[in-house]
Structure formats: C-alpha cells, structure tokens
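Architecture and fold: a report
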Amino acid sequence: MKKISFIGAGNMAEAIIKGLMVTGSYEIRVTNRSNQAKLAQMKEDYGVIPVSFREVVKDSEIILLAVKPKDVGEALAQIREDISSNQLLISVAAGIPLALLEKHLPHCPIIRAMPNTSSAVLHSMTGLVKGQGVNEEKQRDVEDIFGAVGKYIWITEEQINPLIAMSGSGPAYFYLFTEALVKAGVDMGFSQEVAENLAKETLMGAAKMLAQSGKSPGELRVAVTSPKGTTQEALEVFREQGLEELVAQAAKACKHRAQAMEREYLG
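Residues numbered from 1 in each chain as written. Predicted model: local features only at pLDDT ≥ 70, side-chain atom pairs only at ≥ 80, totals over all residues. Heavy atoms only, no water.

At Leu 122, a position not held by glycine, the phi torsion is positive, near 65°. For Leu 122, the location among the structural elements is in the loop between strand S6 (110-114) and strand S7 (124-130). (Helix = DSSP H or I, 4+ residues; strand = E, 2+ residues; numbered from the N terminus.)

Below, the structure is given as structure tokens:
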C-alpha cells in the first residue's frame, strides 16, 4: 500500500482524498497548519491519519502539496531538510511554477498537477507537468493517483494556465450556469426545490450524453434543436447576447490571473 501525505486539508485536498479512499490503495496522512477540527473530521469521514508537519514527510513515498499559493514558500521551507530524492512531491497549487518549487527542493522529483474538485466523484480532468528528475516509476505513481480520481493529460508548463482556465476552473462555470437556470425556473413559477431538481437532472443527463454518445457538442446541440422551434429561440438569445465571446473572455481572464500569480511568486 502506497503511503501518501497531504500538506493542506482544503477543498482540493479533500476532493482528491475522497476519490483515493475508494481505491483502497493508499495509506493517507494529512497535516493542516490552522484547522485541527478539519483534520479530526477527515479522520472520521475518510480514515486518514492526522500527523504533524515534520511527520508528514517521514516514510511517505509521495507528498502532495495542497496549500494556498501564498503559503507554499513556508511549507517548502519546513520540509526542505527532511524530503529526499527518493520521494516525490506533487504540487496542486495554482500559480506556483516548477522553477520556484525546484529552487526550494533542488534534489526532489516534482510534478505540477492541476486537478479539479470533481476528483471527489472520480471525474476530475487533471493536467500534469513533469519536472526534473521524474523517472518512469514516479510518473506511473502520479498516473495511478490521478487516474484513480478521473482522467489525466500530460502537458507542457506553458499549457497549464490555459488548462486552469478550462478544466481547473471549469466546474465553477458549470455551477454558475446551473444557478442561473435555477433562478430562471423560479422566476417562471417553480419552487426552488423543483427548479434545482429540473436543472440538475437535465444538465447531468446532457453531460452523460456528451460522455457516452461519441458525438461532438455541436452535433448534440443540432440534434436537440428543431428549426424555428423553442430551443432555437433560446439559442438565438444566447448568440445575440454574445455567449461565445463572454465565455472566451472569462477563460482568458482566468488564464491571465494564473499568469500574474506566477509572476508574483517568481518575484
């Protein structure tokens, strides 16, 4: 059984842990600087082992860094003396480039990973960037972890910010659209509960069709849109209001913020 330690117990860490527990393949240890109650709850919910910051590195093959970007430097400083070249560090901190991670830990193999919170339901889409010193065995270890909680793709570091703008932050876009659809339903007379059920079941069904039909999003959209019908009327409003351009602008804003964070932390 592989031993993996999490530094940080926020939403992303919890989503990955929840997915990994399903596999039964990992002994999971977690440390969290400021919220001991959260660790106690995660121990109860998932069977993780709460440990101290120094213990987090001891005897673990893999250390997963899942703290807020502003806390990365402090976390790396605390584990620098204890981590070895035989271990693997995986960072899921947005905006923290490999150059900064490798500056702090020059002898440790490092992977940048950008999953999303759908890891909790085993449907993450994770981008992976390989740093120096990552051999085939450690690459397989990373693939096993993120393959257990969804799908993964190896990318260059130049591609990670566009990936953040799509799959990293993408679930939030989906949830926002769902909220808007629910609100429209309430405005048209449904109760909040009924509107939420209608929106959630409809969008889950559409996502399943997209995943299983083998057809492109465009093909599926055309299949449900009758000429001069009700769906076409709604889609015309989206087009007139510039939905495509709005989505592009939002994704670019997300990418630009990720780039700005990298510049901030590189100094």
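For the pair helix H6 (residues 160-168) and helix H7 (residues 170-187), interaxial distance at closest approach is 5 Å and the crossing angle is 35°. In contact with Ala 165, Met 166, Ser 167 and Gly 168 of H6, H7 contributes Gly 170, Pro 171 and Tyr 173. (Axes fitted to C-alpha atoms, helices over the stretch in contact; angles between N-to-C directions. Contact = heavy atoms within 4.5 Å.)

Right, let's get into the packing of aromatic side chains. In total, this model carries 2 aromatic pairs according to the counting rule given. Residues Phe 174 and Tyr 175 carry aromatic rings whose centres are separated by 6.1 Å and whose planes lie at 70° to one another, so their mutual orientation is edge-to-face. Residue classification places Phe 174 among the partly exposed residues on the basis of a relative accessible area of 39%. Assessed through its relative accessible area of 45%, Tyr 175 is described here as partly exposed. (Phe/Tyr/Trp six-rings, centres within 6.5 Å; stacked < 30°, edge-to-face > 60°. Buried < 20%, exposed > 50% of the residue type's maximum accessible area, 1.4 Å probe, protein only.)

Overall, mixed pairing links the 8 strands, which are arranged S3-S2-S1-S4-S5-S6-S7-S8 in an open sheet. Pairing within the sheet leaves two strands with one partner each, and these edge strands are strand S3 (49-50) and strand S8 (150-154). Here strand S2 (residues 26-31) runs beside S3; their pairing, made up of 2 bridges, is parallel. When the bridges of S3 are listed, Arg 29 appears paired with Ile 49. Each of S6, S7 and S8 touches H6; the most contacted strand, S6, lies at about 40° to it. (Pairing = 2+ DSSP bridges.)

Turning next to the pairing of strand S4 (residues 62-65). Burial along S4 is two-sided: the face carrying Ile 62 and Leu 64 and the face carrying Ile 63 and Leu 65 are both buried. Note that strand S1 (residues 2-7) and S4 share 4 bridges and pair parallel. Looking at S4, one finds that Ile 7 is bridged to Leu 65. The pairing of S4 with strand S5 (residues 88-91) spans 4 bridges and is classified as parallel. Residue pairing across strands places Leu 65 opposite Ser 91, the latter belonging to S5. With helix H3 (residues 72-79) bridging S4 and its parallel neighbour S5, the resulting β-α-β unit is right-handed. (Right-handed = clockwise from strand over helix to strand, strands pointing away.)

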